[in-house]
Amino acid sequence: LAVAMAVALVLLVLLAADAVVPAKDSLMNICIDAKHHKSEPGPEGKLHEQCSPWKDKACCTANTSLEAHKDQSNLYNFNWNHCGVMPPKCKRHFIQDMCLYECSPNLGPWIDQVDSSWRRERILHVPLCKEDCEEWWKDCKDSLTCKENWHKGWNWATGTNRCPWGSMCRPFSEVFPRPKDLCEKIWSNSYKYSPEQRGSGRCIQMWFDPAHGNPNVAVAKYYAWKKRSSPAQRDNMAPESDQAVCALSCSVLLLLPLALALLPEVAGGCGVPRM
């Protein structure tokens, strides 16, 4: 009887503790299945310059972060300077874009399956904060390019990307008339222009100051909850409570059979002893 009571008490404690632990989310803290990504995020103490905000939990290696800063990177043999030298203020945004893609563990809600020789997954429609799109466009509007979609259609005859035959180099502001055009078209809808602002918890920041924490964690958490919830659940339940309920439900299902088996023995032994 004493053993049964002790086991039952332990089960109750486990259930109570587990109820406040969020369930593991398959859309959170994961890496894209692609060419240079790690299999799972982890600390990287020496990420290079603009990739450094992700050093505590990164999907990229130190070498990948270094290559992301080069004009002609070994990552994809892609040359930013295909229409002359890209100004540093513009190139900074493309490096941050590369760091976000390669290093962030917070893009799970937007991972999409692809059939490609160099990756099995990509990101699609990531809601990029309004300021990020607008600053990217503003700093690049006078730079030159010959293509709207940089994912495909290049001349790779020399082993690196060159403008297709017959194309002309034009200012970004002509190729991408609005910030929305730049964000959404340049990488085949990897990003979606969001009307939400930084700090809203509803849009991904391309870059952030790690001294103030990673704001994209809360954004990924919100969209992961939104993706797996029905409209009714989204109207009546916050993301935190939804995760707690899931954790509690799973725990109850696993431990309920054992608790039921012990219940008769414990109940039978808890009455007043007969004299």
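Structure: above.
Everything numeric here is computed off the predicted structure, so don't read it as measured data.

Conventions used here
Residues numbered from 1 in each chain as written. Predicted model: local features only at pLDDT ≥ 70, side-chain atom pairs only at ≥ 80, totals over all residues. Heavy atoms only, no water. Helix = DSSP H or I, 4+ residues; strand = E, 2+ residues; numbered from the N terminus. Buried < 20%, exposed > 50% of the residue type's maximum accessible area, 1.4 Å probe, protein only. Contact = heavy atoms within 4.5 Å. Areas by Shrake-Rupley, 256 points an atom, 1.4 Å probe, with all protein chains shown as cover. Phe/Tyr/Trp six-rings, centres within 6.5 Å; stacked < 30°, edge-to-face > 60°. Polar contact = N/O pair within 3.5 Å; in protein donor to acceptor, adjacent residues only side chain to side chain. Disulfide = S-S within 2.5 Å. Axes fitted to C-alpha atoms, helices over the stretch in contact; angles between N-to-C directions. Parallel < 35°, antiparallel > 145°, perpendicular 65-115°, else oblique. Left-handed = near helix turned anticlockwise from the far one by under 90°. Core = buried A, V, L, I, M, F, W, Y, C linked by side-chain atoms within 4.5 Å. Salt bridge = Lys/Arg side-chain N within 4 Å of Asp/Glu carboxyl O.

The next subject is the overall build of the protein. A tally of helices and strands in the protein yields nine helices and six strands. Counting all 275 residues of the protein, 42% fall into the buried class. In the protein, the proportion of contacts linking residues at least 24 apart, taken out of those at least 6 apart, comes to 64%. When the accessible surface of the protein is split by element, carbon and sulfur atoms take 58% of a total near 15,100 Å².

As a further point, take the packing of aromatic side chains. Under the definition given, this model contains 18 aromatic pairs. Both rings, one in Trp 150 and one in Trp 187, keep their centres 5.9 Å apart while their planes meet at 90 degrees; by these two values the pair is edge-to-face. Placement of Trp 150 in the loop between β4 (144–145) and β5 (170–171) and of Trp 187 in the loop between α6 (179–185) and β6 (191–193) is noted, with a sequence separation of 37 residues between them. Across the pair, exposure class does not vary: Trp 150 and Trp 187 are buried alike.

Quick look at the side chain of Ser 65 now. With respect to the secondary-structure elements, Ser 65 resides in helix α2 (residues 62–67). With relative accessibility at 0%, the residue Ser 65 sits in the buried group. Of the polar contacts made by the side chain of Ser 65, one reaches the backbone oxygen of Ala 62; its length is 2.6 Å. When neighbours within four sequence positions are excluded, Ser 65 is seen to be in contact with Lys 46, Leu 47, His 48 and Cys 51.

All right, on to the state of the cysteines then. For the structure on display, the rule yields eight disulfides. The disulfide that involves Cys 31 links it to Cys 59, with 2.1 Å between the sulfurs. Taking the sign of the S-S torsion, about -90 degrees here, the bridge from Cys 31 to Cys 59 comes out left-handed. With a gap of 28 residues between them, Cys 31 in the loop between α1 (2–19) and α2 and Cys 59 in the loop between α1 and α2 connect regions that are remote in the sequence.

Relative orientation of the contacting elements helix α3 (residues 88–103) and helix α4 (residues 130–140) amounts to 140 degrees, with a least axis distance of 7 Å. With respect to α4, the element α3 is oriented oblique. Considering only the axes of α3 and α4, their crossing is left-handed. Contact residues: α3 offers Lys 89, Cys 90, Arg 92, His 93, Phe 94 and Asp 97, while α4 offers Glu 135, Trp 136, Asp 139 and Cys 140.

This next bit is on the environment of Ser 167. Counting through the fold element by element, Ser 167 comes out in the loop between β4 and β5. Ser 167 gets classed as partly exposed once you look at its relative accessible area, which sits at 29%. For Ser 167 and Thr 145, which are 22 residues apart along the polypeptide, the C-alpha to C-alpha distance reads 9.6 Å. Of note is the side chain of Ser 167, whose polar atom sits 2.6 Å from the backbone oxygen of Pro 164.

Attention shifts here to the nonpolar core. Counting residues in each nonpolar core, the largest one holds 50 residues, and the members touching the most others are Phe 94, Trp 136 and Trp 150. Of all elements in the fold, only α3, β3 (126–128), α4, α5 (172–175), α6 and α7 (216–228) reach the threshold of two or more residues within this core. Of the residues forming this core, the biggest block, eight residues, is contributed by α3.

Our focus in this paragraph is unusual backbone geometry. You will see that Asn 29, though not glycine, has its phi angle at about 55 degrees, which is positive. Note that Asn 29 resides in the loop between α1 and α2. A relative accessible area of 35% places Asn 29 in the partly exposed class.

Here the focus is the environment of Leu 128. By secondary structure assignment, the location of Leu 128 is in strand β3. Each C-alpha atom, one on Leu 128 and one on Cys 183, is 7.9 Å from the other, the two residues being 55 residues apart in sequence. Those residues in contact with Leu 128 that lie beyond four places of it in its chain are Cys 133, Trp 136, Cys 183, Tyr 191, Lys 192, Tyr 193, Ser 194, Cys 203, Ile 204 and Met 206.

Moving on to the pattern of salt bridges. Inspection of the entire model under this criterion finds 12 salt bridges. Between Asp 139 and Arg 92 there is a salt bridge, with its nearest N and O atoms 3.3 Å apart. Of this pair, Asp 139 sits in helix α4 while Arg 92 sits in helix α3, placing them 47 residues apart in sequence. Connected through salt bridges with shared partners, the residues Glu 148, Arg 178, Asp 181 and Lys 185 form a single ionic network.

Just distances and angles here, no functional claims.
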